[in-house]
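These are the residues of each chain, in order.
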Amino acid sequence: MTQPDAVGYVDATLRDLAPFPWGTAVGTDDLASAAAALSEVGARVLEVLDPRCARAALEARSESPWDRLRAVLREAGNTPVGVVAGARFLWGERPLAPDVARRFVHCAAESGARRVRATDPLNDADALEPLARACEEAGAQFVPTLIVGPAPPPGDALWLDEARRLAALPGAAALCVSDGAGHLAPAALGTLVREAGEATGLPIEVQVQAPGGLAPLAATAAVVAGAAAVQASAGPVALVSARPSAETLRAALVGGARVLDCHPGALDRAARVVGPMLPTDRLRQAAAAVFGPAVAVPPALEHGLISRLGRLGLSRSLVAVADEAAAVARDVGAVTMGYPLGGAVLAQAARHAIEGRRWAEIEPELAQFALGRLGRLRGPVSAEAMEAARAADPGEPPRRDLAAVAEEAPPGLSEEDLVLWAMFAEETEAVVARRRSLGAEAARRPAQPAIDRELLETLVDVVEASDEAEVSVEVSGARVTVRRAGPTPAEAGGPARGGREVGEAEDDGLVRVESPMVGTFYRRPGPDQPPFVEEGQRIEAGETLCLIEAMKLFNEIVAEQGGVVRRILLEDATPTEFGQLLFLIEP
């Protein structure tokens, strides 16, 4: 009897657990626990960090992504760990020079990452070459990504031309075909996978996220077409990211010629570990999306788009905006919706729907791409889009190299902190300043040449007296990470900007509703509309309490249970921090 052919399983659970903005509730300890469970599932690699995860770590939790990577590696056992980075931008949103990309890869490899998967919204192989060469130097596996977009149509020769150029990059170990918004029907994705494998001679890995529960179907079609590996997540994490769950994909392949290479019992245990880490609001939104219209929009951006349209009374325009997003992408040179362009494309499409006219103005990010300043365009730019780009021309974006970054950055940064500062200057400065402050506090204690129990107790005391959930300190050449076990002051309801204090007795017996992300708090669906709720109002479970805007996207915060709103702690249109108390509700 012929044994089924094994299909590799690339695990995306850790990335899907902690993206910005809704994944900010997941900390380093949570990811380490998840990694320990996932280390037994038989995955070929655990993908840990990407731009949205790095931003969540720095902006919302003041945690270094490098510390997160090392925490996961300590628990991952023999399972390789990888990161995802964008050409030119890496994890940030400002273009950087090739020497910064090289240093980024070396920092990742020195922290223990064994694989770098690289992306570019133009599928520009030239832009990815610095990452490829850096991976060769650092001894890390390099996997370029072919991002599927709304243009050109399936079957166009451009897709295979791009696949060949990406596969020819130095050290390419495989080619990842990524459809992050369900642009291709399952059959069309299968055809592209088969043809890309034949054209490049490389193993094809597939990353698919699709609306309406189509992701497992698309992944199965890719496997049948010959994909060597498939990205999937464990249990309910797959639901919130609209990608195939490893459990569902394994079941779909039973009895066929191919089988997912994983351990079912370990997958079940891992799903039980990671499931409780998901915010209830996000699970509810994801479940609702399965039964909503199947639109080709990146799942991470869809709910924010829905909320924005709802605030303006345009809830029924979602399909039209999704179609317009495809037209926008074609108009600005056939860009894909890969990072960092997806949000800008959707924002431009929503602008067209709201204003009732096209290309009166243009998003700054799109203008740079339309003007050809951030890579080789995949197609022509429409006359209207080019006119708007020239009218709004923000000038050539500076592409800073390491020398420029080092000159601008605070003195004394380590190489990994310098790379972070190049991408996230303000956030990195805050992390480094707090780390140094705690290190100085520990160093003031005399006769402490080594890390002993007394020094650890001192570090614990210092952290508990600060606002930080976790801090890494270097003492005598060794790095010590001290993590808070209990909630931070913000999580405990302490006032932040625009907040009102709540005494312990005042919230006794009341249900606390806290902000799941950093952003701007809005009590109203629109500037001229009444608030969602008022103090003293009775509400039902699932009723919208407020909106929080993050990354130009509006996220609904809903009541977990019914009751009476007793306190509203923030004023309308004020900033909110992760874990900040928003409402008190009497059950």
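Residues numbered from 1 in each chain as written. Predicted model: local features only at pLDDT ≥ 70, side-chain atom pairs only at ≥ 80, totals over all residues. Heavy atoms only, no water.

**Some remarks on the overall build of the chain**
Applicable threshold: A run of DSSP states H or I qualifies as a helix once it reaches four residues; a run of E qualifies as a strand once it reaches two. Both are numbered from the N-terminal end. The contact criterion used throughout is that any non-hydrogen atoms of two residues lie within 4.5 Å. All accessibility values rest on the Shrake-Rupley procedure with a 1.4 Å probe; residue burial counts only the protein chains present in the view.
Scanning the chain for helices and strands turns up 22 helices and 19 strands. For the chain, the proportion of contacts with a sequence separation of at least 24, taken over those separated by at least 6, is 72%. Of the accessible surface of the chain, which amounts to about 23,100 Å², a share of 51% is contributed by carbon and sulfur atoms.

**Points about helix α5 (residues 98–110)**
Each full turn of the α-helix corresponds to 3.6 residues, which orients residues three or four apart in the same direction. Selection rule: What a helix is expected to span follows from its residue count: subtract one and scale by 1.5 Å. Burial classes follow relative accessibility: with a 1.4 Å probe on protein chains only, a residue under 20% of its type's maximum area counts as buried, one over 50% as exposed, and anything between as partly exposed.
Between the first and last C-alpha of α5 there are 18 Å, a value that for 13 residues agrees with the 18 Å anticipated at 1.5 Å per step. Buried within α5 are the following residues: Val100, Ala101, Arg103, Phe104, Val105, His106, Cys107 and Ala108. Tucked into the core, α5 has its buried residues touching α4 (65–75), β3 (81–86), α6 (125–138), α19 (402–408) and α20 (415–423). In the segment just after α5, Gly112 is the residue with positive phi, at about 115 degrees.

**Considering the packing of helix α2 (residues 28–38) against helix α12 (residues 264–274)**
Going by this rule: In this analysis an axis means a line fitted to C-alpha atoms, helices contributing only their contacting stretch, and an angle means the value between N-to-C directions, from 0 to 180 degrees. Angles below 35 degrees are treated as roughly parallel, those above 145 as roughly antiparallel, those between 65 and 115 as roughly perpendicular, and all remaining angles as oblique. Only Asp, Glu, Lys and Arg are considered charged in this grouping, and only Ala, Val, Leu, Ile, Met, Phe, Trp, Tyr, Cys and Pro are considered nonpolar; every other residue, Gly among them, is considered polar.
Relative to each other, α2 and α12 sit at 170 degrees, their axes nearing to 8 Å. The angle between the axes of α2 and α12 places the two elements in the roughly antiparallel class. Note on element contacts: α12 touches α2 through Ala270, Val273 and Val274, opposite Ser33, Ala34, Ala37 and Leu38. Counted by class, the contact of α2 with α12 contains 6 nonpolar, 1 polar and no charged residues.

**Some points on the sheet that holds strand β17 (residues 563–568)**
Rules: The criterion for strand pairing is that DSSP finds at least two bridges linking the strands in question.
As summarised here, the arrangement of the 4 strands in space is β12-β19-β17-β14, forming an open sheet in which the pairing is antiparallel. Strands with a single pairing partner mark the edges of an open sheet, and in this sheet they are β12 (511–514) and β14 (538–539). Examined bridge by bridge, β17 and strand β19 (residues 581–586) share 4 bridges and lie antiparallel to one another. When the bridges of β19 are listed, Val564 appears paired with Glu586.

**Brief notes about the packing of α2 against α4**
Put simply, the rule is: Throughout, a crossing is termed right-handed when the near helix is turned clockwise from the far one, and left-handed when it is turned anticlockwise from it by less than a right angle.
Viewed as axis vectors pointing N to C, α2 and α4 meet at an angle of 30 degrees, and their least axial separation amounts to 8 Å. Classified by the angle between their axes, α2 and α4 sit roughly parallel to one another. Handedness of the crossing formed by α2 with α4: right-handed. Packed against α2, whose contacting residues are Thr28, Leu31, Ala32, Ala35 and Ala36, the element α4 presents Asp67, Arg68, Ala71, Val72 and Glu75 at the interface.

**Comments concerning the packing of aromatic side chains**
Rules: Two rings belonging to Phe, Tyr or Trp (six-membered ring only in the last case) form a pair when the distance between their centres is within 6.5 Å. Interplanar angles under 30 degrees mark stacking, angles over 60 mark edge-to-face geometry, and anything in between is tilted.
With the rule as written, the count across this model stands at 4 aromatic pairs. Ring plane angle 40 degrees and centroid distance 5.2 Å describe the contact between Trp66 and Trp91, whose orientation is recorded as tilted. Of this pair, Trp66 sits in helix α4 while Trp91 sits in the loop between β3 and α5, placing them 25 residues apart in sequence. In terms of burial, Trp66 and Trp91 fall into one category: buried. Between Trp66 and Phe104 the ring centres are 5.7 Å apart and the planes differ by 55 degrees, which places this aromatic pair in the tilted class. Residue Trp66 is located in helix α4, and its partner Phe104 is located in helix α5; the two are separated by 38 residues in the primary sequence. Neither Trp66 nor Phe104 differs from the other in exposure class; each is buried.

**Points about the side chain of Thr544**
Mapped onto the fold, Thr544 is located in strand β15 (residues 544–550). We classify Thr544 as buried; its relative accessible area is 17%. Not counting residues within four places of it along the chain, the set of residues in contact with Thr544 comprises Phe532, Val533, Glu556, Ile557 and Val558.

**Quick look at unusual backbone geometry**
Cis rather than trans, the peptide bond between Ala151 and Pro152 has omega equal to -5 degrees. Here Pro152 shows up in the loop between β5 (141–147) and α7 (157–167). The omega torsion across Tyr339 and Pro340 is 5 degrees, close enough to zero to call that bond cis. Within the element layout of this structure, Pro340 appears in the loop between α15 (318–331) and α16 (342–355). In this structure, Arg88 is a non-glycine residue whose phi angle is positive, near 70 degrees.

**So, the pattern of salt bridges**
Spelled out, the test is: Salt bridges are counted wherever a side-chain nitrogen of Lys or Arg sits within 4 Å of a carboxyl oxygen of Asp or Glu.
A complete count under the given rule lists 40 salt bridges for this structure. A salt bridge links Asp161 to Arg164; the shortest N-O distance between them is 3.2 Å. Here Asp161 and its partner Arg164 are both found in helix α7, 3 residues apart, which amounts to about one turn of the helix. Since its relative accessible area comes to 33%, Asp161 is described here as partly exposed. Ionic pairing is found between Arg512 and Glu514, a salt bridge with its closest N-O pair at 3.4 Å. Glu514 gets classed as partly exposed once you look at its relative accessible area, which sits at 30%. Bridged by salt links that share partners, the residues Arg15, Glu47, Asp50, Arg115, Arg117 and Glu205 form one connected network.

**What about the pairing of strand β1 (residues 5–11)?**
By the criterion of burial, β1 is predominantly enclosed, with 5 of the 7 residues buried. Relative to strand β9 (residues 258–260), β1 is paired through 3 bridges, and the arrangement is parallel. Counterpart to Ala6 in the pairing with β9 is Val259. Both β1 and strand β2 (residues 45–49) contribute to a ladder of 2 bridges, which runs parallel. Of the residues in β2, the one forming a bridge with Asp11 is Leu46.

**Quick word on the environment of Ala85**
Within the element layout of this structure, Ala85 appears in strand β3. For the pair Ala85 and Asp120, spaced 35 residues apart in sequence, the C-alpha to C-alpha distance is 8.9 Å. Setting aside chain neighbours within four positions, we find Ala85 in contact with Leu90, Trp91, Phe104, Arg117, Ala118, Thr119 and Leu131.

**Observations regarding α12**
Condition: Think of it as the arc spanned by the lines of direction from the helix axis to the C-beta atoms.
Restricting attention to buried positions, one finds in α12 the residues Ala266, Leu267, Ala270, Ala271 and Val274. Axial view of α12: buried residues confined to an arc of 140 degrees, hence all on one face. Where the residues of α12 are buried, they touch β1, α1 (13–17), α2, α10 (236–241) and α11 (246–253).

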